[in-house]
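Each chain is listed here by its residues.
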Amino acid sequence: MRQKFIFITGGVVSSLGKGIASASIGALLEAKGLSVTLVKLDPYINVDPGTMNPFQHGEVFVTDDGTETDLDLGHYERFTHSVSSKRNNFTTGQIYDAVIAKERRGEYLGGTVQVIPHITDEIKRRILDVDEGIDIALVEIGGTVGDIESLPFLEAIRQLRNDLGKENTLFVHLTLVPFIKAADEMKTKPTQHSVKELREIGIQPDILLCRTERFLSQGMKDKIALFCNVEKDAVITAKDLDVIYEVPLLYNEEGLDEKITGMLNIWAKKPDLSQWQKIVDTIKNPKKQVDIAVVGKYVKLIDSYKSLNESLVHGGIANDCKVNIHYVDSEELENGPTAHFDDVDGILVPGGFGDRGIEGKINAIGHARTNKMPYFGLCLGMQLAVIEIGRNLAGLKGAHSTEFDEGTACPLIYLIEEWTDRDNKTQKRDRFSNKGGTMRLGAYPCKVKAGSLAFKAYNQDLIHERHRHRYEFNMTYREALEKCGMMITGISPDGAFVEIIELKGHPWFLACQFHPEFKSKPLMPHPLFRDFIKASLKYRQEKQKWKKR
Ligand code: GLN
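Conventions we followed
- Residues numbered from 1 in each chain as written.
- Predicted model: local features only at pLDDT ≥ 70, side-chain atom pairs only at ≥ 80, totals over all residues.
- Heavy atoms only, no water.
- Near = heavy atom within 4 Å.
- Polar contact = N/O pair within 3.5 Å; in protein donor to acceptor, adjacent residues only side chain to side chain.
- Areas by Shrake-Rupley, 256 points an atom, 1.4 Å probe, with all protein chains shown as cover.
- Patch = residues over 30% accessible without salt bridge, like charges linked within 9 Å, V, L, I, M, F, W, Y side chains within 5 Å.
- Salt bridge = Lys/Arg side-chain N within 4 Å of Asp/Glu carboxyl O.
- Lys, Arg positive; Asp, Glu negative; His and termini not counted.
- Charge placed at Lys NZ, Arg CZ, Asp CG, Glu CD.
- Helix = DSSP H or I, 4+ residues; strand = E, 2+ residues; numbered from the N terminus.
- Buried < 20%, exposed > 50% of the residue type's maximum accessible area, 1.4 Å probe, protein only.
- Phe/Tyr/Trp six-rings, centres within 6.5 Å; stacked < 30°, edge-to-face > 60°.
- Lys NZ or Arg CZ within 6 Å of the ring centre and 35° of its normal.
- Pairing = 2+ DSSP bridges.
- Right-handed = clockwise from strand over helix to strand, strands pointing away.
- Axes fitted to C-alpha atoms, helices over the stretch in contact; angles between N-to-C directions.
- Parallel < 35°, antiparallel > 145°, perpendicular 65-115°, else oblique.
- Left-handed = near helix turned anticlockwise from the far one by under 90°.
- Contact = heavy atoms within 4.5 Å.
- Nonpolar A, V, L, I, M, F, W, Y, C, P; charged D, E, K, R; others polar.

J.: Help me understand the site of the ligand in this model?
T.: Around the ligand sit G351, G352, F353, C379, L380, Q383, E403, R468, H469, R470, Y471 and H515, and that is every residue in its neighbourhood. In this structure, an oxygen atom belonging to the ligand sits 2.9 Å away from a main-chain N or O atom of G352. For the ligand, an oxygen atom lies 2.8 Å from a polar atom in the backbone of Y471. Calculation on the ligand without its partners gives an accessible area of 300 Å², and the protein chains cover 99% of this total.

J.: How do you make sense of a positive patch on the surface when you look at a structure like this?
T.: Together, K456, K534, K538, K545 and R549 give the surface a local cluster of positive charge. Here the element with the most residues in the positive patch is helix 17 (residues 527–548); it accounts for 3 residues. If you trace the backbone, K538 turns up in helix 17.

J.: Looking at this structure, how should I read the environment of K447?
T.: As for its placement among the helices and strands, K447 is situated in strand 20 (residues 440–448). Residue K447 is classed as partly exposed on the basis of its relative accessible area, which comes to 41%. Each C-alpha atom, one on K447 and one on L462, is 4.7 Å from the other, the two residues being 15 residues apart in sequence.

J.: Whenever I open this one, the packing of aromatic side chains confuses me. Can you help?
T.: Aromatic ring pairs: the centre-centre distance and the angle between the two ring planes describe each pair. Taken as a whole and judged by the stated rule, the model has 12 aromatic pairs. Where F79 meets Y245, the ring centres are 5.3 Å apart and the plane angle is 45°; that geometry is what we call tilted. With F79 in helix 3 (residues 72–79) and Y245 in the loop between strand 11 (235–239) and helix 9 (247–253), this pair connects stretches of sequence that are 166 residues apart. As far as the burial class goes, F79 and Y245 line up, both buried. Joined through ring pairs, the aromatic side chains of F376, W508, F529 and F532 make up one cluster. Between the NZ or CZ atom of R126 and the centre of the ring of F90, over which it lies, the distance is 5.5 Å. The positively charged end of R214 is found above the aromatic ring belonging to F179, 3.7 Å away from the centroid.

J.: Sorry, what's going on with the pairing of strand 10 (residues 207–212) here?
T.: Moving residue by residue along a regular strand, the side chains alternate between the two faces of the sheet. Of all 6 residues that make up strand 10, 5 are buried, and the element is covered over most of its length. Both strand 10 and strand 11 contribute to a ladder of 5 bridges, which runs parallel. Pairing of L209 across the sheet is with I236, part of strand 11. In this fold, the crossover linking strand 10 to strand 11 by way of helix 8 (residues 218–228) has right-handed handedness.

J.: What's the story with the pattern of salt bridges in this structure? I'm lost.
T.: A side chain with one charge can pair with a side chain of the opposite charge if their charged atoms come near. Enumeration according to the criterion identifies 35 salt bridges in this entry. A salt bridge links D70 to K40, with the nearest nitrogen and oxygen atoms 3.2 Å apart. Remark: K40 occurs in strand 2 (residues 36–42) and D70 occurs in the loop between strand 4 (68–69) and helix 3; sequence separation between them is 30 residues. With respect to class, D70 is no different from K40; both count as buried. Residues K221 and E254 are paired through a salt bridge, measuring 2.7 Å at the closest nitrogen-oxygen approach. Within this pair, whereas K221 is found in helix 8, its partner E254 is found in the loop between helix 9 and helix 10 (256–263), the two being separated by 33 residues in sequence.

J.: I tried to follow the packing of helix 5 (residues 115–128) against helix 6 (residues 151–164) on my own but got confused; where do I start?
T.: Packed helices, taken two at a time, are described by the angle between their axes plus the distance between the axes. Closest axis-to-axis distance for the helix 5/helix 6 pair is 9 Å, and the angle between their directions is 70°. Between helix 5 and helix 6, the angle falls in the class roughly perpendicular. Note that helix 5 runs across helix 6; the crossing there is right-handed. Contacts from V115, I116, I119, T120, I123, K124, I127 and L128 in helix 5 reach P152, F153, E155, A156, I157, Q159, L160, D163 and L164 in helix 6. Residue composition of the contact of helix 5 with helix 6, by class: 12 nonpolar, 2 polar and 3 charged.

J.: Please explain the sheet that holds strand 10 as it appears in this structure.
T.: Note: strands within a sheet are paired through backbone hydrogen bonds, in either parallel or antiparallel orientation. Pairing in this open sheet of 7 strands is parallel, and the strands run 5-2-6-1-7-10-11 from one edge to the other. At either end of the open sheet lies a strand with only one pairing partner, and these are strand 5 (89–91) and strand 11. Recorded for the sheet is a direction-independent mean angle of 20° between the axes of neighbouring strands. Taken together, the 6 bridges between strand 1 (residues 4–10) and strand 7 (residues 169–176) define a ladder with parallel strand orientation. Looking across to strand 7, one finds that I6 is bridged to L170.

J.: How should the side chain of N89 be read in this particular structure?
T.: As for its placement among the helices and strands, N89 is situated in strand 5. Within polar-contact distance, the side chain of N89 engages the side chain of D42 at 3.1 Å. A distance of 3.1 Å separates a polar side-chain atom of N89 from the backbone nitrogen of D70. Sequence-distant contacts of N89, defined by excluding residues within four places in its chain, comprise K40, D42, T69, D70, L73 and Q94.

Here is the structure:
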């Protein structure tokens, strides 16, 4: 079968959930036995999304190959089996950067370099550069139709329809059909205008996904079809749902997958959605529940911990349990936790940068350690666990990370100045290195020690997990820390990097230098999240027994 392309655009307002819509279409097509890949085109000028402020932009998602990408790629990987790489996300800035570099090298032979065709050609080249052998590439265009920024992307996909033909390309447009209380009516006008805007630039959408609060009647659908020039059964209700993993099921009920394969002239079996149905049922009717404190800096912006939140939900699915997440602002804990953790069953310190709230996080870890409450540390959460243990168990006064105290007498966490990266390149870094360019990024191997909690979880002695950090455990202090009960249970095969630590005599205290949250999926919950939730459930049951006494 020839590779086919589905382009997903968004209209009316931002935040309609185009990423989840694209990912859900991917899940549906996979359930029909087709292979998919997903690409996100971001209309901003930044060349390196890794340096963008998570307050503004949400989480930076890291792929196996170490690309720092948009958080939508996280949805793509969670909903499908596709594995993203640097080819799956690019920004306007990267396109211009490439075109200008070519111009500087004289590749345009002195010709006038223009948006059409040079920028659009570069966009098309990258869209067409998807993995060979994949049946369908889903291409999500960031931004909202009508934005100045997304015009070159829209022009490029308009051209691609002519280049590849109607049976090989499909335009899906996500719009909003608001319910206006005063009129007690749903309104189709914003959708009409948004489609008009698309048609003005030469794109006639084939399918409309209408975000709504309630189901669209057939009459409504007919009206939208008439005004927007689409087939009646190509108007799909994309009703608001509490559980995002229900989206593929809803789309299927609305007939979306059949419409897509029909329009693309693909023969495919009926989708098998039983697994999706099962996880939705588990999320909606959990048998148990557990309360987890996430102690961080960006706690007010939940989008900056997107993958983490989802991974906790997945850990819950694996234990038939609802996970109530309590976000605790670490700055509130600087004088020690008070009542913050009275009602929780486990503490998690996620990754982070910058020194705000560091002492509060260390206090939270101390609380989990001394109260034998399950603790799960991710990246910075491991570095701070080492510092907590160093200061309070090993008696290493003033122990710190050089990230937060450059002149510390006891640098338990520090910058390794020269090291070899995953591409076998020698990397040099010091505190003056370029922001963004010097991190350990992407998947690295790790040997897991037999008999450890980590081994129990993974049941494998060699794992690959994704990284995004500059600082590392300082081997000079290995002995001092091991003497007081810290165990190194995950280490890089060359023995250079500590990847997982645990604590003797504690029921579940595990912290890792990598980010397991980037590899958890609802259909395949990550083993560390599964076991952290399991341990927290156990803690909860014991606490309840103890309270009854
Ligand atoms: N700031 C720490 C480092 O750069 C941890 C980073 C993280 O948690 N992702 O090493």
